[in-house]
Amino acid sequence: MTTITKNWWKEEVIYQIYPRSFKDSNGDGIGDLRGIISKLDYLKNLGVDIIWMSPVYESPNDDNGYDISDYYKIHPEFGTMEDFDELLKGIHDRGMKLIMDLVVNHSSDEHEWFQESRKSLDNPYRDYYYWKKGVNGGPPNNWKSFFGGSAWQKDDLTDEYYLHLFTKKQPDLNWENEKVRHAVYDILRFWLDKGIDGFRMDVIPLISKRLEFADANEKSFNDVIENIYSNGPKVHQYINEMYEEVLKHYDIMTVGEGPGISKDVGLKYVGHDRGELNMIFHLDHMFLGSGPRGKFDPLPYDWSDIKALFEEWDTAMGESGWISIFLDNHDFPRLVSRFGNDTEYRIESAKMLATMVLTLRGTPCIYQGSEIGMTNVDFDTIDDYRDIETINFFNEFTSEGMQPREFLDLVYRHGRDNVRTPIQWDSTAHSGFTNGQPWIKLNPNYPDINVESALKDDNSIFYFYKQLLEYRKAHPTFVYGAFHVLSQRTDDIYVYERKGEEDLLVVLNHSNERQEFNYDINGYALDIQNLENKIDNVLLPWEARIYRK
Ligand code: TEU
Ligand code: CA
């Protein structure tokens, strides 16, 4: 038995909503707060506890709400503050919780702080952002944006460049400036005082910059993220200050999104005595296969790499730190398309992956649509894509000579719009997502894959999630029990135990082939199985089992 401190945020399960694509209530083709309200019973029925809602603040939507122009307003596309209050109440009335997305590494360039900041060198808001003179007629250094091109944009008004690690409409806030930090703490208090239950903090390891602004000479973009953009000298000081000033005064949870947080520094963010964050979404497994230029420059990887990462992170966290377990979110492909088999074994592999997410050690996070096994989408033309990352890199790669179709194949594997097509509620027009024209096309497989048919089928992926969620609640060993891997990394099966008040044995076949299974299961009861197979010592393709002793 471990001696891990008990906390509600370790025991509950997160479900991520990407509001734009969840449910439209008024026919403008854009998902909204009233749409979410109308589906709260659906989420309660599924059995999730904490809803993480991607940004719904006022935004010009250059990066779908991750570029915020007013942190105190709800974007009219999503509804009103009254709708928000009703949503929060609806969530709490059902015994669930709500965490909001906090995006304060950068704001929108349309935020009034930036509008002021750019006006003149001596504007009081000038040092809310990073402004630098150019060098030899070019930008101040060679830093690249996450979304392609230079991370510096020249503004003719004052003839200086400002830093934007994401799009040029997402200028980075200067956390060195105490006024910026206190403005952020005010934002936190505003939402916490409304009664929300915590925050998912966007790119939090990026908030402290290396002020020398030296050129980056790393071999790959991932190394640039880790060594140049993330984990800056004052990052822990700032997070700790935020904790002391605001967070510790509320019974809430915080989860930091962690690009560039490696297992070697993870505990600095989430060690239980650090006074920083409760947990992180590390992105190591999400960034697997990113080549020198990132996700659209892919390298091969396999399950032994995935398993190695999970095991190493578990060891690194030990009894002091905590992570969230997830295999997809709004930035990465559909889990069944990436890690499973979304054709022949879609249902089996979606259930097997659900078993893994809900039984590894950490707080599980389920992305909307995974509970019905939604898949990646392959559009014919770049015009059907909406994501700024995809569009920017399409332009960059095709201008270097890549054929459009070749790039679209990469998008089908790695692009963010794979997970941003509307939730497939039923088989009627636009899948019941909207009565109008959806802001992005649907995945054409919606007549087959949708919530309505899942709810009618006892063997659906939906009901398997529901069963697993109930089973997890009944067996706290999944939360607090130790984690030991029994299989070899190179095996095509993944076998691990969770040991606490009872012994739980999780058996997963992550391949398209039958696999031998010859572990001693004497004295164990088979509680969960994702398909009908009566042969004890053979695992069918993508089979998942949970035994208990
Ligand atoms: O993502 C940060 C991050 O690391 C991403 O850039 C990720 O590498 C990329 O999306 C993978 O394609 C967060 C948000 O989750 C993302 O939606 C935002 O676009 C980004 O920050 C900027 O706010
Ligand atoms: Ca709408």
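All values reported here derive from a predicted model rather than from experimental measurement.

S.K.: Quick rundown of the site of ligand 1? Include the residues and the values.
M.R.: Surrounding ligand 1, one finds 21 residues, the nearest of these being Asp63, Asp202, Lys295, Asp331 and Glu389. Contacts to ligand 1 include His106, whose side-chain N or O atom sits 2.9 Å from an oxygen atom. Arg416 is positioned with one of its side-chain polar atoms (N or O) 2.9 Å from an oxygen atom of ligand 1. Coverage of ligand 1 by the protein chains reaches 98% of its 490 Å² of free accessible surface. Classifying every residue of the shell around ligand 1 gives 9 nonpolar, 3 polar and 9 charged. Both domains that furnish three or more residues to the shell around ligand 1 are identified here as domain 1 (9-100 + 326-377 + 421-474) and domain 3 (178-325).

S.K.: Lay out the environment of Leu358 in plain terms, naming residues and giving numbers.
M.R.: If you trace the backbone, Leu358 turns up in the loop between α12 (346-357) and β13 (363-367). Overall, the relative accessible area of 2% leaves Leu358 in the buried class. Each C-alpha atom, one on Leu358 and one on Leu468, is 7.2 Å from the other, the two residues being 110 residues apart in sequence. Excluding anything up to four places from it in sequence, Leu358 contacts Val13, Pro364, Tyr465, Leu468, Leu469 and Arg472.

S.K.: Residue-level account of the coordination of the calcium ion (ligand 2), with values.
M.R.: For a metal with four tetrahedral donors the ideal donor-metal-donor angle is 109.5 degrees, whereas six octahedral donors ideally subtend 90 or 180 degrees. Protein coordination at the calcium ion (ligand 2): the donors are Asp24 (OD), Asn26 (OD1), Asp28 (OD), Ile30 (O) and Asp32 (OD), at 2.2 to 2.4 Å from the metal. Mapped onto the sequence, the residues coordinating the calcium ion (ligand 2) show the spacing D-x1-N-x1-D-x1-I-x1-D.

S.K.: If you had to explain the sheet that holds strand β14 (residues 482-485) to someone new, which residues and values would you point to?
M.R.: The sheet built from 5 strands is open, its strands ordered β14-β15-β16-β20-β18 with antiparallel pairing. Edge positions in the open sheet fall to β14 and β18 (525-529), since each of these has one partner strand only. Put simply, the sheet's adjacent strands are angled 20 degrees from each other on average, direction ignored. Helix α10 (residues 303-317) rests against β14 and β15 (493-499) of the sheet, and its axis sits at about 20 degrees to β15. This element, helix α16 (residues 461-474), spans β16 (503-509), β18 and β20 (544-548) of the sheet and lies at about 140 degrees to β18.

S.K.: Mind laying out the sheet that holds strand β10 (residues 253-258), listing which residues take part and the relevant values?
M.R.: Across the sheet, 8 strands lie side by side as β11-β10-β9-β5-β2-β1-β13-β12; this open sheet has parallel pairing. Bordering the open sheet on either side are β11 (279-282) and β12 (324-325), each of which pairs with just one other strand. Pairing geometry for strand β1 (residues 14-17) and β13, over 3 bridges, is parallel. Paired with Gln16 across the strands is Tyr367, a residue of β13. The strands touched by helix α4 (residues 81-93) within the sheet are β2 (50-53) and β5 (97-102), with β5 carrying the most contacts at an inclination of about 135 degrees.

S.K.: For the packing of helix α6 (residues 178-193) against helix α8 (residues 235-245), give the residues involved together with the corresponding values.
M.R.: Where α6 meets α8, the axes come as close as 11 Å, and the angle between the chain directions of the two elements is 45 degrees. Taken together, the axis directions place α6 and α8 in an arrangement best described as oblique. For the crossing formed where α6 meets α8, the hand is right-handed. Residue-level contacts link Arg181, His182, Tyr185, Leu188 and Arg189 of α6 to Tyr238, Glu241, Met242 and Glu245 of α8.

S.K.: Before we move on, can you summarise the domain arrangement of the protein with the specific residues and values?
M.R.: According to the domain assignment, the protein consists of domain 1 (9-100 + 326-377 + 421-474), domain 2 (112-163), domain 3 (178-325) and domain 4 (478-548). Between the C-alpha centres of domain 2 and domain 3 the distance comes to 25 Å. Between domain 2 and domain 3, the residue contacts involve 12 residues of the former and 17 residues of the latter. Note on domain 2 versus domain 3: buried area summed over both sides is about 1,400 Å², and carbon and sulfur give 72% of it. Across the domain 2-domain 3 interface, the total number found is 0 salt bridges. Applying the counting criterion to the domain 2 and domain 3 interface returns 5 residue pairs in polar contact (both at pLDDT 80 or more). A class-by-class count of the residues in the side of domain 2 that touches domain 3 yields 7 nonpolar, 3 polar and 2 charged.

S.K.: Describe the packing of aromatic side chains, listing the residues and the values that go with them.
M.R.: Going through the model one piece at a time under the given rule, you end up with 42 aromatic pairs. Ring centres of Tyr42 and Trp425 lie 5.2 Å apart, and the angle between their planes is 80 degrees; on these two criteria the pair is classed as edge-to-face. Within this pair, whereas Tyr42 is found in helix α3 (residues 40-46), its partner Trp425 is found in the loop between α14 (404-414) and α15 (451-456), the two being separated by 383 residues in sequence. Of the two residues examined, Tyr42 and Trp425, each falls in the buried class. Summarising the aromatic geometry, the rings of Tyr57 and Tyr71 are spaced 6.4 Å apart at their centres and angled 55 degrees between planes, so their arrangement reads as tilted. One end of the pair, Tyr57, is in strand β3 (residues 57-58); the other, Tyr71, is in strand β4 (residues 70-74), and 14 residues separate them in sequence. Like Tyr71, Tyr57 is buried. Taken together, the ring pairs connect Tyr57, Tyr71, Tyr72, Phe84, Trp113, Tyr125, Tyr128, Phe190 and Trp191 into an aromatic cluster. Against the face of Trp322 rests Lys10, its NZ or CZ located 5.2 Å from the ring centre. Its end group placed over the ring of Trp425, Lys39 keeps NZ or CZ at 4.1 Å from the ring centre.

S.K.: Just give me the short version of the pattern of salt bridges, but keep the residues and values in it.
M.R.: Scanning all chains against the criterion turns up 45 salt bridges. Of the charged contacts in the structure, one is a salt bridge between Lys89 and Asp93, with a shortest N-O distance of 2.8 Å. With Lys89 and Asp93 both in helix α4, this residue pair falls 4 residues apart, about one helical turn. In this pair, the class of Lys89 matches that of Asp93, namely exposed. Between Glu497 and Lys499 there is a salt bridge, with its nearest N and O atoms 3.7 Å apart. Lys499 sits in the partly exposed class, given a relative accessible area of 28%.

The rules we used
- Residues numbered from 1 in each chain as written.
- Chains lettered and ligands numbered in written order.
- Predicted model: local features only at pLDDT ≥ 70, side-chain atom pairs only at ≥ 80, totals over all residues.
- Heavy atoms only, no water.
- Near = heavy atom within 4 Å.
- Polar contact = N/O pair within 3.5 Å; in protein donor to acceptor, adjacent residues only side chain to side chain.
- Areas by Shrake-Rupley, 256 points an atom, 1.4 Å probe, with all protein chains shown as cover.
- Nonpolar A, V, L, I, M, F, W, Y, C, P; charged D, E, K, R; others polar.
- Domains from an automatic or database assignment.
- Helix = DSSP H or I, 4+ residues; strand = E, 2+ residues; numbered from the N terminus.
- Buried < 20%, exposed > 50% of the residue type's maximum accessible area, 1.4 Å probe, protein only.
- Contact = heavy atoms within 4.5 Å.
- Donors = N, O, S within 2.8 Å, 3.2 Å for Na, K, Ca; no water.
- Pairing = 2+ DSSP bridges.
- Axes fitted to C-alpha atoms, helices over the stretch in contact; angles between N-to-C directions.
- Parallel < 35°, antiparallel > 145°, perpendicular 65-115°, else oblique.
- Left-handed = near helix turned anticlockwise from the far one by under 90°.
- Buried area = accessible area lost by both parts, 1.4 Å probe.
- Salt bridge = Lys/Arg side-chain N within 4 Å of Asp/Glu carboxyl O.
- Phe/Tyr/Trp six-rings, centres within 6.5 Å; stacked < 30°, edge-to-face > 60°.
- Lys NZ or Arg CZ within 6 Å of the ring centre and 35° of its normal.

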